[in-house]
Amino acid sequence: MNRETPKTLRSDRSEADRNPSQLRIDILGALVVLRGDTPLDVGPAMVRNLLAVLALNVDKPVPRDRIVQALWGDAPPSTSRNLVHGYVSRLRSQLKDPSSTDEDETLVIRDGSGYRLRVDPESVDATRFDLLSRKARRAVREGREPEALGHYEKAFECWRGEVLEDLEPQIRQMSAVTALTQRWIDSVIEYAVLCRARGLHASALGYLRRATEVSPLHESLHARLMTALSDVGDRAAALEVHAAIRERLSTELGVDPGNDLQTVYLRILRETHDEPADSETAGRTTHRPSALPGSSPAPKDSGSLPPARSTSRRPRWHYALGVVVCLTMILSGTWAVFLRDNETARTIGTSFHEDFTKPLDQKIWKSYDQDFPNGSRWTPSAVTVRDNELQITGKGRNSTGAGNTAGGVMIRRKSAVPSRYGEWQVRAKFDAGSGYAPVIGLITETKKLGSEYITLALVEQPDRSGGYALFRSTGDEQYRSDPQEADLTGWNTYSLEWRPDFLKISLNDLVILDTRKMSNDPKIPSTPMFFYMQLETGPSDSVPAANEETPDQVVMHVEWVKYHA
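All values derive from a computational prediction rather than experimental measurement.

S.K.: How should I be thinking about the packing of helix 10 (residues 219-231) against helix 12 (residues 259-270) in this particular structure?
M.R.: Relative placement of two packed helices is described by the angle separating their axes and the distance separating the axes. It is the contact of helix 10 with helix 12, at a shortest axis distance of 8 Å, that shows an interaxial angle of 15°. By the angle between their directions, the pair helix 10 and helix 12 is classed as roughly parallel. The handedness of the crossing between helix 10 and helix 12 comes out as left-handed. On helix 12, the residues that touch Glu219, Ser220, His222, Ala223, Met226, Thr227 and Ser230 of helix 10 are Asp260, Leu261, Val264, Tyr265, Arg267 and Ile268. Of the residues in the contact of helix 10 with helix 12, the class split is six nonpolar, four polar and three charged.

S.K.: Looking at this model, I keep getting lost on helix 9 (residues 205-214). Mind explaining?
M.R.: For the α-helix, the turn length of 3.6 residues means that residues three or four positions removed from each other point alike. With seven of ten residues buried, helix 9 lies mostly within the body of the structure. Turning to helix 9, its buried residues number three or more, namely Leu205, Gly206, Tyr207, Leu208, Arg210, Ala211 and Thr212. Where helix 9 is buried, its residues touch helix 6 (145-157), helix 8 (175-197) and helix 10.

S.K.: Got a minute to help me understand helix 2 (residues 45-55) in this structure?
M.R.: Most of helix 2 is tucked away, with nine of its eleven residues classed as buried. Residues Val47, Arg48, Asn49, Leu50, Leu51, Ala52, Val53, Leu54 and Ala55 constitute the buried set of helix 2.

S.K.: What is the right way to read the sheet that holds strand 4 (residues 62-63) from this model?
M.R.: Strand pairing within a sheet occurs via backbone hydrogen bonds; the two strands may be parallel or antiparallel. Here we have three strands laid out as an open sheet, ordered 4-6-5, and antiparallel in their pairing. At either end of the open sheet lies a strand with only one pairing partner, and these are strand 4 and strand 5 (108-111). Here four bridges tie strand 5 to strand 6 (residues 114-117), and the two strands are oriented antiparallel to one another. For Val108, the partnering residue across the bridge sits in strand 6 and is Leu117.

S.K.: Even after reading the chapter, I still don't get the nonpolar core, so can you show me in this structure?
M.R.: Considering soluble globular proteins, one finds that nonpolar side chains tend to be buried as a cluster. Judged by nonpolar contacts, the single largest core of 86 residues is most densely connected at Ile25, Ile27 and Leu164. Counting residues per element, this core draws most heavily on helix 8, which supplies eleven residues. Not counting chain neighbours up to four residues away, the residues in contact with Ile27 comprise Ala55, Leu56, Val124, Asp125, Ala126, Arg160, Glu162, Val163, Leu164 and Leu180. Residues Val383, Ile454, Tyr468 and Phe471 belong to the second largest nonpolar core, which totals 54 residues.

S.K.: Help me understand the packing of aromatic side chains in this model?
M.R.: The relative placement of two aromatic rings is captured by the distance of their centres and the angle of their planes. Under the definition given, this model contains 16 aromatic pairs. Ring geometry for Trp424 against Tyr563: centres 4.8 Å apart, planes inclined by 45°, an arrangement best described as tilted. Here Tyr563 lies in strand 25 (residues 553-564) and Trp424 lies in strand 15 (residues 422-430), a separation of 139 residues in the sequence. Neither Trp424 nor Tyr563 differs from the other in exposure class; each is buried. Joined through ring pairs, the aromatic side chains of Tyr152, Phe156, Tyr191 and Tyr207 make up one cluster. Its guanidinium or amino end placed over the ring of Phe502, Arg516 lies 3.5 Å from that ring's centre, counting from NZ or CZ.

S.K.: I would appreciate a short explanation of the pattern of salt bridges in the present structure.
M.R.: A side chain of one charge can pair with a side chain of the opposite charge when the charged atoms of the two come close. A complete count under the given rule lists 17 salt bridges for this structure. Measuring nitrogen to oxygen at the nearest pair gives 3.1 Å for the salt bridge that ties Arg499 to Glu497. The network of salt bridges with shared partners includes Arg24, Asp26 and Arg128.

S.K.: Got a minute to help me understand the environment of Ser381 in this structure?
M.R.: When you line up the elements, Ser381 lands in the loop between strand 10 (377-378) and strand 11 (383-386). Here the alpha-carbon distance between Ser381 and Gly408, two residues 27 residues apart in the chain, equals 9.9 Å. Polar side-chain contacts of Ser381 include one of 3.0 Å to the side chain of Thr379.

S.K.: Looking at this structure, I do not really get unusual backbone geometry. What am I missing?
M.R.: For residues other than glycine, phi is negative in most cases, and the peptide bonds are mostly trans. Despite not being glycine, Leu164 has its phi angle at roughly 50°, a positive value. Inspection of the secondary structure assignment puts Leu164 in the loop between helix 6 and helix 7 (169-172). A residue is classified by how much of its surface remains accessible, and Leu164, at 0% relative accessible area, is buried. We note that Phe356 has phi near 60°; this positive angle belongs to a residue other than glycine. Structurally, Phe356 is set in the loop between strand 7 (351-354) and strand 8 (365-367).

S.K.: Sorry, what's going on with a positive patch on the surface here?
M.R.: A cluster of basic side chains, namely Arg134, Lys135, Arg138, Arg141 and Lys154, defines a positive patch on the protein surface. In terms of residue count, the dominant contributor to the positive patch is helix 5 (residues 125-141) (four residues). With respect to the helices, strands and loops of the structure, Lys135 is situated in helix 5.

S.K.: Before we go on, may I ask you to explain the confidence of the model for the protein chain in this structure?
M.R.: Low pLDDT means the predicted coordinates in that region are not meant to be read closely. When pLDDT is averaged along the protein chain, the result is 75, and 71% of the positions lie at 70 or above. In this model, residues 1-18 is a region of pLDDT below 50 whose contacts with residues beyond four sequence positions or in other chains number 46 contacts. The model gives residues 272-348 a pLDDT under 50, and that stretch makes 100 contacts with residues more than four places away or in other chains.

S.K.: Explain the pairing of strand 18 (residues 466-472) here, please?
M.R.: Consecutive residues of a regular strand have side chains that alternate between opposite faces of the sheet. The buried count for strand 18 comes to seven of seven residues, which makes it a mostly enclosed element. Going residue by residue along strand 18, you find Gly466, Tyr468, Leu470 and Arg472 tucked away on one face and Gly467, Ala469 and Phe471 tucked away on the opposite face as well. Taken together, the two bridges between strand 18 and strand 20 (residues 484-485) define a ladder with antiparallel strand orientation. Bridge pairing links Gly466 to Glu485 in strand 20. In this sheet, strand 19 (residues 478-480) lies alongside strand 18 in antiparallel orientation, the contact comprising three bridges. Within the sheet, the bridge partner assigned to Phe471 lies in strand 19 and is Tyr479.

S.K.: Could you clarify how one ought to interpret the sheet that holds strand 3 (residues 38-39) in this entry?
M.R.: Strand order in the open sheet formed by three strands is 1-2-3, and the pairing between neighbours is antiparallel. Two strands bound the open sheet, and with one partner strand each, they are strand 1 (23-26) and strand 3. Examined bridge by bridge, strand 2 (residues 32-35) and strand 3 share two bridges and lie antiparallel to one another. Opposite Leu34, over in strand 3, you have Pro39 as the bridge partner.

Rules used throughout
- Residues numbered from 1 in each chain as written.
- Predicted model: local features only at pLDDT ≥ 70, side-chain atom pairs only at ≥ 80, totals over all residues.
- Heavy atoms only, no water.
- Axes fitted to C-alpha atoms, helices over the stretch in contact; angles between N-to-C directions.
- Helix = DSSP H or I, 4+ residues; strand = E, 2+ residues; numbered from the N terminus.
- Parallel < 35°, antiparallel > 145°, perpendicular 65-115°, else oblique.
- Left-handed = near helix turned anticlockwise from the far one by under 90°.
- Contact = heavy atoms within 4.5 Å.
- Nonpolar A, V, L, I, M, F, W, Y, C, P; charged D, E, K, R; others polar.
- Buried < 20%, exposed > 50% of the residue type's maximum accessible area, 1.4 Å probe, protein only.
- Pairing = 2+ DSSP bridges.
- Core = buried A, V, L, I, M, F, W, Y, C linked by side-chain atoms within 4.5 Å.
- Phe/Tyr/Trp six-rings, centres within 6.5 Å; stacked < 30°, edge-to-face > 60°.
- Lys NZ or Arg CZ within 6 Å of the ring centre and 35° of its normal.
- Salt bridge = Lys/Arg side-chain N within 4 Å of Asp/Glu carboxyl O.
- Polar contact = N/O pair within 3.5 Å; in protein donor to acceptor, adjacent residues only side chain to side chain.
- Patch = residues over 30% accessible without salt bridge, like charges linked within 9 Å, V, L, I, M, F, W, Y side chains within 5 Å.
- Areas by Shrake-Rupley, 256 points an atom, 1.4 Å probe, with all protein chains shown as cover.
- Lys, Arg positive; Asp, Glu negative; His and termini not counted.
- Charge placed at Lys NZ, Arg CZ, Asp CG, Glu CD.
- pLDDT = per-residue confidence, 0-100.

Laid out in structure tokens, this is it:
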């Protein structure tokens with residue numbers, strides 16, 4: 001993405017932003033620190049890296065061990081703790097307001113075993129982006145779509161480039177950076193969906209193109225770009241997008257495009273090509289964003305769509321390609337599968353989407369109710385829908401370790417909800433704290449010993465900084481991925497793609513486990529399984545040891561759950 005000078009960072013600054021003593025920290029692009037309109041020199045590279053880590057977790061404590069990991073990776077120097085202390089002192093000095101008379105004032109404070117950046121969260125551009133995105137989603141839910149469009153566009157104005165693009169790779173590859181980028185991509189897709197629903201087909205193109213540059217292997221994003229290009233009449237460009245990502249997926253991952261891309265691709269091939277040049281879409285004036293993320297404002301005439309191409313201008317090879325593809329699919333059996341899925345959609349469903357704007361449908365969702373030998377239990381009362389999200393709550397251990405309570409929910413097979421192959425995606429975050437492990441996955445409802453299961457986000461680290469993927473195959477072997485670093489206290493998108501011949505588990509579009517890459521060729525689980533989410537309460541044998549660090553309450557927040565066959 002392109003960079004901008006600090007004076008062009010914002011076009012909608014508030015009165016607080018104009019305050020000459022107001023501190024602003026921008027990380028959506030190169031790291032920039034401003035007091036009023038004056039750029040601040042934070043210091044050398046390691047001090048800037050430290051500020052980036054704290055700004056990604058603004059007004060939240062960051063454990064010192066996590067800071068060390070971010071600054072030096074797996075090979076920190078023996079003096080790393082002393083060095084962090086020195087960097088903190090330098091950062092405090094650089095961020096101090098010279099006009100303040102309070103000698104004790106500091107913006108970087110000690111908090112437990114780590115440090116916290118004590119500033120107004122909205123002084124960080126990433127926080128403003130998240131707030132505006134949530135406002136947009138709320139406006140959509142409440143039917144205020146034009147207002148939602150405005151919120152999305154203001155949110156996108158916060159982005160000047162890739163997150164912390166001027167810092168070292170180990171900082172830019174942090175899980176919090178990945179999660180933040182994924183939130184931007186999610187918002188771009190949501191904006192594109194909204195634009196299409198309102199007939200504003202060209203409005204999202206710039207954002208979609210920019211997002212596909214940042215995430216060149218994101219299939220749903222490319223499918224949305226193909227749809228937008230097709231909607232404005234440029235189906236040739238849409239097919240080129242498909243060809244490009246298909247090549248990248250094959251070269252870099254050794255896989256073929258998934259259902260999202262293939263469905264859009266087939267639809268574009270089937271669409272009629274003989275739209276008249278003076279069709280309803282030609283020359284339509286569309287809703288135009290003020291600027292694309294990381295680019296200059298669009299030209300004044302960019303709100304008009306190009307005339308739709310007529311059949312006489314369409315290359316004949318498009319028709320031949322469509323015939324060849326369809327024949328190939330029929331001969332290979334793929335087309336039969338496509339038809340069968342559509343035919344059975346009325347009974348088992350090919351998609352499912354729950355955004356928790358309403359109470360749980362008890363015909364679909366089943367809450368766990370189970371006791372354990374150590375006195376802990378799952379209870380339906382720990383599962384509730386509040387503030388447009390699903391919340392699963394676990395209570396902290398007492399001094400003996402007994403009496404833990406936690407919740408879990410499962411989707412049972414009822415009419416439209418399948419229990420067979422497909423891809424599940426979940427948007428979730430977990431409160432910090434040790435003593436509980438959040439789990440997202442698929443499992444046989446009986447949960448008998450040796451039954452098959454697929455799980456993700458089972459946390460090992462006590463500060464919820466990572467986890468791993470785990471599954472039991474049809475042959476009763478158990479496989480697990482390497483531990484993954486991730487900031488599970490922020491919003492992340494978890495994906496489990498379960499197919500007859502492979503299993504792929506991803507976190508924010510980063511593949512954690514793909515059986516097609518495994519040398520031992522595990523047998524993919526085939527028993528009907530049900531989607532579930534829960535908080536594990538810890539050891540179930542006798543009474544676990546007391547854990548003084550366990551908070552009074554741990555909550556699993558779920559924004560939405562999606563499934564497609």
